[in-house]
Amino acid sequence: MSDAKPHVGLIGLAVMGENLALNIARNGFPLVVYNRTTLRTEEYLAGPAANTSITGAATLPEFVAALEPPRQIILMVKAGVPVDAVLTELVPLLDPGDIVVDGGNSYFRDTERREAELARQGIRYVGMGVSGGELGALWGPSLMPGGPREAYDVLEPMLMAIAAKTRYGPCVTYIGPGGSGHYVKMIHNGIEYGDMQLIAETYDIMRTALGMSAPEIAEVFARWNGGKLASYLIEVTAEVLRFVDEETGRPIVDVILDAAEQKGTGRWTIESAMELSSPVPTIDAAVTARNLSGLRALRVEASEVLIGPTPPGGADEARAMLGGDSGADGAFAALESSLYFSKVSSYAQGMSLLAAASITYDWKLNLSEIARIWTGGCIIRADFLADIMRAYRDNPKLTNLLLDADIARQSDETVGGARRSIVAARSWGIPVPGTSSALDYFDTLRQISLPANLVQAQRDYFGAHTYLRTDRDGIFHTLWHGAEQPAEPVPVQELADV
Ligand code: NBP
């Protein structure tokens with residue numbers, strides 16, 4: 001081994017950091033690690049990192065001194081205040097030209113602030129989304145680095161080496177300047193929220209309307225994983241549904257409390273969608289569903305006073321409603337189509353939000369490349385991402401994924417399943433906000449005539465907000481009240497003279 005000091009360092013040895021460090025070392029990049037709680041570093045070096053090229057430091061000055069400039073320091077600490085706390089201590093020890101990579105789930109605006117602050121001291125700051133959980137970190141995550149291009153170029157050999165590999169190449173690409181890497185990771189997580197909610201709703205229809213047990217539903221998901229829905233989350237769902245609780249002997253899902261948590265990224269996605277007027281109703285529905293699930297005490301109380309529909313029958317009726325004359329196979333085919341359709345709609349929403357952010361922040365995002373790096377390593381990896389990759393490669397200016405000819409065909413072929421699933425769910429009183437929102441997005445997009453004309457009229461009536469007309473140019477306001485109202489609506493520019 002050479003005496004040269006390594007360039008690479010990693011701070012934060014919780015589940016992500018410790019696995020990412022092992023991945024970096026395994027791929028031929030020796031590194032130094034540091035954790036605020038020194039005991040953790042000691043246990044790591046004696047345990048998982050024993051007999052690797054990983055060395056440790058007990059203090060930040062020792063850590064920095066052990067690295068060769070230009071240093072490449074990866075932070076894997078909790079997002080938010082901890083990142084600033086580490087930077088406050090770390091940055092005075094660094095030299096101009098050093099690179100700091102934040103691999104946590106930081107808010108993209110925080111990343112932009114930190115990048116600007118560090119740039120004043122000549123330090124290059126890269127906000128990098130890392131997806132794939134602990135196994136991804138260890139064996140190959142999907143990496144979404146954003147920030148100064150020249151910093152990415154320095155990091156690229158290591159990032160290419162540690163990233164997941166698929167038939168489409170290593171799951172890393174330069175995302176763009178500023179906080180774009182963390183923004184793309186945020187949207188990835190938002191899409192993940194949507195996927196999980198849509199899967200959960202499909203499970204609920206099978207459980208509640210079709211009366212199926214968890215292991216029976218597991219078999220359906222396992223089968224679907226061999227078809228167009230093939231994806232990590234479908235595979236995980238089948239495994240989770242099969243898992244038996246040792247203590248009770250029951251499927252573990254049946255003893256897990258139905259109150260889901262959410263961290264920041266889902267909420268941030270919605271906030272950004274609102275800010276950019278680029279709606280993501282399915283992600284919105286998913287985050288809202290988690291929040292509603294958390295109101296468990298209220299739900300228990302409401303279940304005693306609020307009346308649902310009387311189901312039109314048992315499982316046979318539910319199967320007939322879903323699949324028509326085709327029996328059980330038809331019912332499962334309808335549910336599979338429904339889930340696929342909803343997923344396509346949800347991804348169309350997420351990709352549109354990325355496109356809107358790219359324009360607003362001048363990031364020049366390559367949506368085809370982003371879909372490509374999501375084909376492996378990350379939680380939303382799915383066969384379907386290859387279709388998205390192809391759609392944006394064929395037409396980088398595609399205004400909405402649903403307008404791609406092949407995606408439009410797939411949506412048209414599967415939308416019937418979503419309509420039938422929603423009707424069945426409604427008849428049994430099963431909430432399906434994600435599936436419904438996915439269909440509503442589709443049905444809204446394909447309308448030439450929405451009832452927003454009435455909304456505009458109402459707004460003009462009580463607030464003089466004005467409106468446009470379908471039959472001539474200009475901005476109009478109607479004098480809705482009183483005898484002085486003219487027969488004709490009045491262009492606003494002439495109102496002063498009225
Ligand atoms: P956590 O998010 O649980 O963070 C724990 C780490 O942060 C520990 O090393 C802890 O040090 C350190 N830390 C904290 Br907390 N406050 C600190 C401070 N003031 N100064 C220095 N260090 C501090 O770890 P994680 O789950 O490994 O996630 C790391 C990042 O990766 C997060 O941003 C997370 O959102 C993101 N992420 C996680 C996953 C996942 O599956 N878990 C997936 C993708 C991305 P200590 O040992 O001294 O307390």
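Cut-offs and rules
Residues numbered from 1 in each chain as written. Predicted model: local features only at pLDDT ≥ 70, side-chain atom pairs only at ≥ 80, totals over all residues. Heavy atoms only, no water. Patch = residues over 30% accessible without salt bridge, like charges linked within 9 Å, V, L, I, M, F, W, Y side chains within 5 Å. Areas by Shrake-Rupley, 256 points an atom, 1.4 Å probe, with all protein chains shown as cover. Salt bridge = Lys/Arg side-chain N within 4 Å of Asp/Glu carboxyl O. Helix = DSSP H or I, 4+ residues; strand = E, 2+ residues; numbered from the N terminus. Buried < 20%, exposed > 50% of the residue type's maximum accessible area, 1.4 Å probe, protein only. Domains from an automatic or database assignment. Near = heavy atom within 4 Å. Polar contact = N/O pair within 3.5 Å; in protein donor to acceptor, adjacent residues only side chain to side chain. Nonpolar A, V, L, I, M, F, W, Y, C, P; charged D, E, K, R; others polar. 1 Å grid on protein atoms, 1.4 Å probe; cavity = no way out; pocket = protein on both sides within 12 Å on 5 of 7 lines; lining within 4 Å. Points joined across faces, edges and corners; volume = space filled by probe spheres on them.

Looking at this structure, how should I read a nonpolar patch on the surface?
Among the surface-exposed residues, L292, L295 and L298 lie close enough to one another that they form a single nonpolar patch of about 280 Å² accessible area. Within the secondary structure, L298 is located in helix α13 (residues 296-305). For L298, a relative accessible area of 51% corresponds to the exposed category.

Explanation requested: the domain arrangement of the protein in the structure shown.
How big an interface is tends to be stated in terms of the accessible area lost upon association of its parts. As far as domains go, the protein holds domain 1 (8-178), domain 2 (190-445) and domain 3 (452-494). Placing the centre of domain 1 and that of domain 3 at their C-alpha centroids yields a distance of 58 Å.

Just checking my understanding: could you explain the site of the ligand for this structure?
Looking at the ligand, there are 20 residues lining it, with M16, N35, R36, T37 and N105 nearest. Between the ligand and M16 there is a distance of 2.9 Å, counted from an oxygen atom to a backbone nitrogen or oxygen. Within the side chain of T37, one N or O atom sits 2.5 Å away from an oxygen atom of the ligand. Expressed as a share of its isolated accessible area of 900 Å², the protein-covered part of the ligand is 74%. When contributions to the shell around the ligand are tallied by element, the ones reaching two or more residues are α1 (15-26) and α4 (81-90). It is α4 that provides the largest number of residues to the shell around the ligand, a total of three residues. Split by residue class, the shell around the ligand holds eleven nonpolar, six polar and three charged.

It is not clear to me how the layout of surface pockets should be interpreted in this structure. Could you clarify?
Vacant regions in the atomic arrangement are exposed by a probe of water-molecule size rolled over the atoms. Approximately 300 Å³ is the volume attributed to the second largest pocket. For the second largest pocket, the full set of lining residues is A452, N453, Q456, A457, Y467, L468, R469, T470, D471, T478 and W480. Of the residues contributing to the lining of the second largest pocket, the split by class is five nonpolar, four polar and two charged.

I tried to follow the pattern of salt bridges on my own but got confused; where do I start?
Under the defined criterion, the tally for this structure stands at 30 salt bridges. R409 is the salt-bridge partner of E413, the closest N and O atoms lying 3.0 Å from each other. Of this pair, E413 and R409 both sit in helix α18 (residues 405-428), four residues apart, which is roughly one turn of that helix. Residue E413 is classed as exposed on the basis of its relative accessible area, which comes to 55%. On the accessibility criterion, R409 (40% relative accessible area) is partly exposed. Through salt bridges with shared partners, a single network forms among R390, R393, D394, D404, D406, R409 and E413.

Even after reading the chapter, I still don't get empty space enclosed by the protein, so can you show me in this structure?
Applying the stated rule across the entire model yields two cavities of 30 Å³ or more. Roughly 70 Å³ of internal volume is contained in the largest cavity. Looking at the largest cavity, the residues that line it are D195, I199, L229, S231, L233, I234, L339, K343, I379, I380 and R381. The volume enclosed by the second largest cavity comes to roughly 40 Å³. Forming the boundary of the second largest cavity are E201, T202, I205, L335, S338, S421, V432 and T435. Put simply, the parts of the chain that give the lining of the second largest cavity at least two residues each are α8 (180-209) and α15 (327-361). Per-element accounting of the lining of the second largest cavity gives the leading share, three residues, to α8. Broken down by class, the residue content of the lining of the second largest cavity amounts to three nonpolar, four polar and one charged.

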